Amino acid sequence: MVSARSVSVGPSSLSYTDLPWIIQHREDRCTLCGHCTAVCPKEAIYLAYRRQRMPKLDVLKKSRGNEYRTFVGIRQKTTMANACIGCSMCTMVCPNEAIMPVPNTNEHRTLFFHNQKGQPQTRGGRRNVSGPNLLDRIMFNRISMLTDPALDAGRHEFNLTTTLGRTLAPEEFLKRQREGGWIPPTREIFPFVIGSMSFGALSPNMWLGLLQGVAYCNEVLGIPVVMCTGEGGCPPWVLKSPYLKYIVLQIASGYFGWDEIIRAIPDMQCDPAAIEIKYGQGAKPGDGGLLMWFKVSKLIARLRGVPEGVDLPSPPVHQTLYSIEESVMKMIQTMSTAFGHKVPVYPKISASTSAKSVLNNLVRNPYAGGLLIDGIDGGTGAAYNVSMDATGHPIASNVRECYLDLVAQGKQNEIPIFAAGGIGKNGNVTQNGMALIMLGASGVHIGKYIMQSVAGCLGNEKSRCNVCNVGICPKGITSQNPKLYRRLDPDLVAERVSEVFMSISTEAKKIMAPLGRSQSLPVGMSDALGISDKDAADRLGIKYVC
Amino acid sequence: MCRLALKTANEPFSPYEVLTAMEAMKEGYDGSGLGLLLRGLRFDCFKYNSSHPVLSGIAHSEDAWKRLNTIMEQRGYELIHDHKFVTETSLIEAKDRYRYFLRVYKMPADFEQKSEVEIENELMLTRLFLRANGEENGNDLTAFSFWPDVAIIKEVGWPLEIGEALALYDNRLTSRVCMAQGRQNTNYGINLYACHPFFIQGIATMTNGENTAFVPIRDWLLGQHFPGYTGYQSDSEVFAHILHYTLKQLKLPLQAYKHIITPLNNAELSKHPQGAFLKGLRNACRRLIIDGPNAVIGTLPDETCLLVMDQKKMRPATVGGRDGAWAMASEMCGVAAMIPDRDPSLDFQPMREHTIIVPPDRKELTIWSQLDPYPLAQVA
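Let us look at the structure shown here.

What counts, and where the lines are drawn
- Residues numbered from 1 in each chain as written.
- Chains lettered and ligands numbered in written order.
- Predicted model: local features only at pLDDT ≥ 70, side-chain atom pairs only at ≥ 80, totals over all residues.
- Helix = DSSP H or I, 4+ residues; strand = E, 2+ residues; numbered from the N terminus.
- Rg over C-alpha atoms; globule rule 2.2 N^0.38 Å.
- Buried ≥ 20, exposed ≤ 12 C-beta atoms within 10 Å, placed from the backbone.
- Contact = placed C-beta atoms within 7 Å.
- Nonpolar A, V, L, I, M, F, W, Y, C, P; charged D, E, K, R; others polar.
- Core = buried A, V, L, I, M, F, W, Y, C linked by C-beta atoms within 7 Å.
- Domains from an automatic or database assignment.
- Pairing = 2+ DSSP bridges.

1. Here's the deal with the overall build of chain B
Then, number 1: In terms of helices and strands, chain B carries 11 helices and 16 strands.
Then, number 2: Its C-alpha atoms give chain B a radius of gyration of 20 Å, within 12% of the compact-globule value 21 Å for 380 residues.
Then, number 3: Dimensions of chain B along its principal axes, counting C-alpha atoms only, are 60 × 45 × 40 Å.
Then, number 4: Counting across all 380 residues of chain B, residues that qualify as buried make up 53%.

What follows is the structure in structure tokens.
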């Protein structure tokens, strides 16, 4: 055994097998083209020169010695800053299939070193818990068998829209109609909304692709999809375009981007779909938005009215003189007034055991147009790992108890509840969404699923990629670096958006048809749901089946 | 699938006529029950004043029968006629039927000071009190209706057999309007209250097919905390309550019913002269949009009869007749059985947008389309 001093090892020293991803490189195939090292977002691999000693023994001459051969190859760095994230971009660009990252099936040591320089782990993505979640396990089991002719998902007409905005009680509607009173604005939208991802978190190409796709869904396919901006505003050309009606503008605690929006109001050709006031986010309750300096490019700086290259953390709460209730009430009323009381305004909160009190507050606020509840499995562009993994509340029971609270008051859907957070986490986007709708949501917001399905986001819940926060997105989805985002063709993103929503629309019909539903979205149709988990069934008030 | 038959005629007729129509339509259903609603009553041995409320139901034991009498007395109602059915119990499947009752009461004297709404509520609350009393005592007392000029009979079994068991052919009880529905086997269990027609404050409906939007609608109606919005042993009961809600609570014209249960779509509303109002009404009443039943047949206190189809209109119902007598049925053969002497070429099967009305004068059909202008003046 050699002495310890001869081995370069420190407390944070790691070897390949300590890393979550191990690069497998085949020297016999490598052409040394350098594509892989150039494309790697983490600079996790490098071209290395190595010397190999070749002992030489000439028996006849009774001499011995060495010869040396030099060779080159790709090597993996083992520092935390350069640990491979498994994005496989190296594999994608390799002309010879010489390289690929392989998941380390053993436990890996990096878990203990994500706190270099005293900085806890921050990342993008969502709660890193994989496997089927509760929504995946819900079955639609109230099949119309005896009493009604079955519906044909392919041929019958289905009404798949939902209402965004406050609905008055019928008596109150008629009273205001008679007296010429204000009828709160509503929108008929597709119940799967592209959730708030900011122009800043997303690259310009991703954003453009989404908007193109949404416009195509509305204008060509007749699927009234809307998308939400997230905090940080919206490019001025969009604000003044007829596409604004497909956009939900978000205002959050940093108020970023709202100078541009307010200035654009006189020039708007149409009203936005809605205004979302973000009070909380499922992925990181208690945190405001965070756009790290890597992503504050010239364009983003201009939109947000800030200097380039600075961190943009939004405060955890909105500024308030007196209380959060006062702030919620005043902001909703102010935003409603700013848009002439013609645009629904609703808050977004983190799912929480206190969600019901927010809801009941809104029921009494005549200007509130809905409530979006974002569960613990929601995604984010940047947050502390501990916030994402451990803070928050699952969406299903939270939505259900809020809905039942409204039912007890006879006010269900007057304030439509929208649900977000983990819908489509395992790909079952329509099933997850429809389950939440039958539990009482009027619609759902999907963000991460959209990134994954329309732009090929590589992130998963086993720590793959998850680098949205540092602007090195290998697919160019969440980067402001032109070298990266040029990889993403907006036209192809738009095409995928339309494919995804056509598919969700068909799947929704395939779920509704056997339940005998076609005339309206089955909001609160909890009699159609079953789950093979007695506790969950009891908690949600649905059938236990086995 | 349930079978529905309604006949309305200027001259009172025996409910047995409608039962024969049920027999004509017997193919395709399980005959698990019968519900009958009669309006415009005539008793052969009693001159009935149609302003007196009639209590109908079943006492399943002598004890229940005594309690019934006590309760009605305590609430101040005076019995003025007790119609006794000639009952052949061997033809009835159930064995706990002590007495089917149809009793005419005189309202308490202090009702003269009450408003119409107060009286209507009191009648409904009395029925609900009797029902609750029965439920508290092992379901030994069933109260179907307590309303002027309305009688309801419900029983488990084949419709014609029930008619024979109660000797409905004997013309001792006739009416100008008769609604009948066959089948009690719902998705929610066999229960006497689950049989159509459903009745609330003078408004009655019956339906064939399954209302798959039942649970959200029921939840919303329960949330209104109106005492009559209760029961829900059948997914079709909500249709009667929605009609009641439309006419009595919202005080909307009858045309609004169809706009509430099966609203027009956006494209149709954008062309409609009152599209903006109707869109608002659809939003406000979105929770009452029905899904799945095929025909809803209803009657109102003034003997107006109506027929509407679900939006899908998978099993068209038919209306036909002549001046003075009209029939509505879930199957064409049912109409033919009830009014054989009509011109069948004038039979009408409503489309998804239609509301068929047979007005109290019974001269001709009125067909309203949702695409027609909506009588806004009545809303304002």
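2. Topic: the overall build of chain A
Then, number 1: Looking only at helices and strands, chain A has 17 helices and 21 strands in total.
Then, number 2: A globule of 546 residues ought to have a C-alpha radius of gyration of about 24 Å, and chain A, at 27 Å, matches this closely.
Then, number 3: Among the 546 residues that make up chain A, the fraction classed as buried is 51%.

3. Here's the deal with the interface of chain B and chain A
Then, number 1: With 33 residues of chain B at the contact, the number on the chain A side is 36 residues.
Then, number 2: Within the residue set of the side of chain B that touches chain A, elements represented by two or more residues are helix 5 (214-223) and helix 9 (275-284) of chain B.
Then, number 3: If one sorts the elements of the side of chain B that touches chain A by residue count, helix 5 of chain B sits on top with five residues.
Then, number 4: Residues of the side of chain B that touches chain A, tallied by class, amount to 14 nonpolar, 13 polar and six charged.

4. Observations regarding the nonpolar core
Residues and elements named next belong to chain A.
Then, number 1: Among the nonpolar cores identified, the biggest contains 259 residues, and Val214, Ile373, Val399 and Leu436 are the most heavily contacted of them.
Then, number 2: In terms of residue count, the dominant contributor to this core is helix 16 (residues 490-512) (nine residues).
Then, number 3: Each of two domains, domain 1 (9-108) and domain 2 (134-544), supplies a minimum of three residues to this core.
Then, number 4: Excluding anything up to four places from it in sequence, Ile373 contacts Ile349, Ala351, Ala355, Ile395, Asn398, Val399, Cys402, Ile417 and Ala419.

5. Looking at the sheet that holds strand 20 (residues 529-531) of chain A
Strand pairing in a sheet takes place through backbone hydrogen bonds and is either antiparallel or parallel in direction.
Residue and element names in this part refer to chain A.
Then, number 1: The strand order 6-20-21 describes an open sheet built from three strands, whose pairing is mixed. At either margin of the open sheet sits one strand with a lone partner, and together these are strand 6 (139-140) and strand 21 (543-544).
Then, number 2: Pairing of strand 20 with strand 21, which is carried by two bridges, proceeds in the parallel orientation. Note on strand 21: the bridge partner recorded for Ile531 is Tyr544.

6. Focus on the pairing of strand 14 (residues 325-329) of chain B
For a regular strand, the rule is simple: side chains alternate between the two faces of the sheet.
Residues and elements named next belong to chain B.
Then, number 1: Of all five residues that make up strand 14, five are buried, and the element is covered over most of its length.
Then, number 2: What you see with strand 14 is no split at all: Ala325, Ala327 and Ala329 on one side and Trp326 and Met328 on the other are buried throughout.
Then, number 3: Strand direction decides the pairing type here: strand 1 (residues 3-13) and strand 14, joined by five bridges, are antiparallel. Across the sheet, Thr8 pairs through a bridge with Trp326, a residue of strand 14.
Then, number 4: Sheet analysis places strand 13 (residues 318-322) next to strand 14, joined by five bridges and oriented antiparallel. Counted as the bridge partner of Thr318 is Ala329 from strand 14.
Then, number 5: The hairpin turn running from strand 13 into strand 14, its antiparallel successor, is two residues long, and Gly324 in that turn takes a positive phi close to 100°.

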